[in-house]
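# Overview (structure and organization)
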Amino acid sequence: MTREIRLTPSILNADFTRLDEEIQKISGVSDLLHLDVMDNIFVPNFTFDFQAAEKIISKCPLPVDAHLMVASVDSVAISYAEAGCASVTIHVEACSDIRQTLQGIRKCGARAAIAVKPNTLITEYSEFFDLIDMVLIMTVEPGFGGQKFMTEMMEKVSKARSLIGSRDIWLQVDGGISLETIEIARDAGADTFVAGSAVFNSPDPAGMINSLRSKALSQ
Ligand code: DX5
Ligand code: ZN
């Protein structure tokens with residue numbers, strides 16, 4: 001069976017001083033823009049506050065896939081959905097009422113997604129699969145770009161694939177995705193790929209996305 005795949009580049013490793021230009025480079029070849037939001041509490045790094053993120057979202061030529069790595073994410077998630085994100089991902093570890101938050105995101109017309117850190121089991125969250133449009137399995141510890149892909153997460157990706165069953169839920173991987181690792185993640189069941197440093201450390205970001213897509217589609 002050929003699965004539809006998506007490339008969702010992360011701007012975490014892009015040049016933040018000229019973000020519009022950086023986004024332009026990849027907008028013709030990407031499916032969504034992956035926006036990493038970090039608060040320096042849930043993860044030891046900070047990216048944008050909501051005001052800055054809102055500006056990026058409103059100007060972005062691509063649909064925005066917000067990955068919220070923030071503590072007390074319940075109300076923050078709704079603000080990102082209201083701000084026009086196409087997809088809003090909450091970490092289960094940071095959410096106090098997962099059901100209500102997912103329903104709130106969907107009510108705003110955005111796709112709702114849950115993410116799990118490497119030490120969090122996806123099987124404990126299967127009750128939410130009827131309320132989500134995407135699952136994100138972290139393949140690095142969240143917080144920084146440029147880390148090594150954790151091959152040992154592939155068992156969890158396969159587990160998530162079987163929990164999805166026939167539901168229309170995207171299965172995203174995030175962390176260390178490159179030309180060397182994308183097929184490993186695809187073979188485990190992933191269909192939606194975040195790539196940060198592989199794309200923005202490349203002299204040709206759009207070309208890199210095309211190459212990653214070809215790899216993910218190759219047999
Ligand atoms: C890490 C972020 C990722 C990061 C991926 O916490 O969620 O989206 O940008 O970067 P690479 O592809 O360099 O691992
Ligand atoms: Zn991310």
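Here goes a summary of the coordinates provided. (Residues numbered from 1 in each chain as written. Chains lettered and ligands numbered in written order. Predicted model: local features only at pLDDT ≥ 70, side-chain atom pairs only at ≥ 80, totals over all residues. Heavy atoms only, no water.)

This part takes up the nonpolar core. Counting 73 residues, the largest nonpolar core has Ile114 and Phe193 as its most contacted members. Setting aside its immediate chain neighbours within four residues, isoleucine 114 contacts Thr89, Ile90, Val92, Ile98, Leu102, Ile122, Tyr125, Phe129, Ile132, Met134, Val135 and Leu136. (Core = buried A, V, L, I, M, F, W, Y, C linked by side-chain atoms within 4.5 Å. Buried < 20%, exposed > 50% of the residue type's maximum accessible area, 1.4 Å probe, protein only. Contact = heavy atoms within 4.5 Å.)

What follows covers the sheet that holds strand E7 (residues 170–174). Read across the sheet, eight strands follow the order E1-E8-E7-E6-E5-E4-E3-E2 without closing on themselves; strand pairing throughout is parallel. Only two strands of the sheet have a single neighbouring strand rather than two, namely strand E1 (6–7) and strand E2 (33–38). As defined by bridge partners, strand E3 (residues 64–69) adjoins strand E4 (residues 87–91) across four bridges and the pair is classed as parallel. Considered in E4, the bridge of alanine 66 is made with valine 88. Its contacts with the sheet place helix H4 (residues 98–107) against E4 and strand E5 (111–116), and it is angled at close to 145° to E5. (Pairing = 2+ DSSP bridges. Helix = DSSP H or I, 4+ residues; strand = E, 2+ residues; numbered from the N terminus. Axes fitted to C-alpha atoms, helices over the stretch in contact; angles between N-to-C directions.)

Of all residues adjacent to ligand 1, which total 20 residues, the nearest are Gly143, Gly146, Asp174, Gly196 and Ser197. Between ligand 1 and the protein, one listed contact pairs an oxygen atom with a side-chain N or O atom of aspartate 174 at 2.7 Å. At 2.8 Å, a backbone N or O of glycine 176 approaches an oxygen atom of ligand 1. Protein chains bury 100% of the 380 Å² of accessible surface belonging to ligand 1 in isolation. For the shell around ligand 1, the elements supplying multiple residues, two or more each, are E2 and E3. At three residues, E2 tops the list of elements feeding residues into the shell around ligand 1. (Near = heavy atom within 4 Å. Polar contact = N/O pair within 3.5 Å; in protein donor to acceptor, adjacent residues only side chain to side chain. Areas by Shrake-Rupley, 256 points an atom, 1.4 Å probe, with all protein chains shown as cover.)

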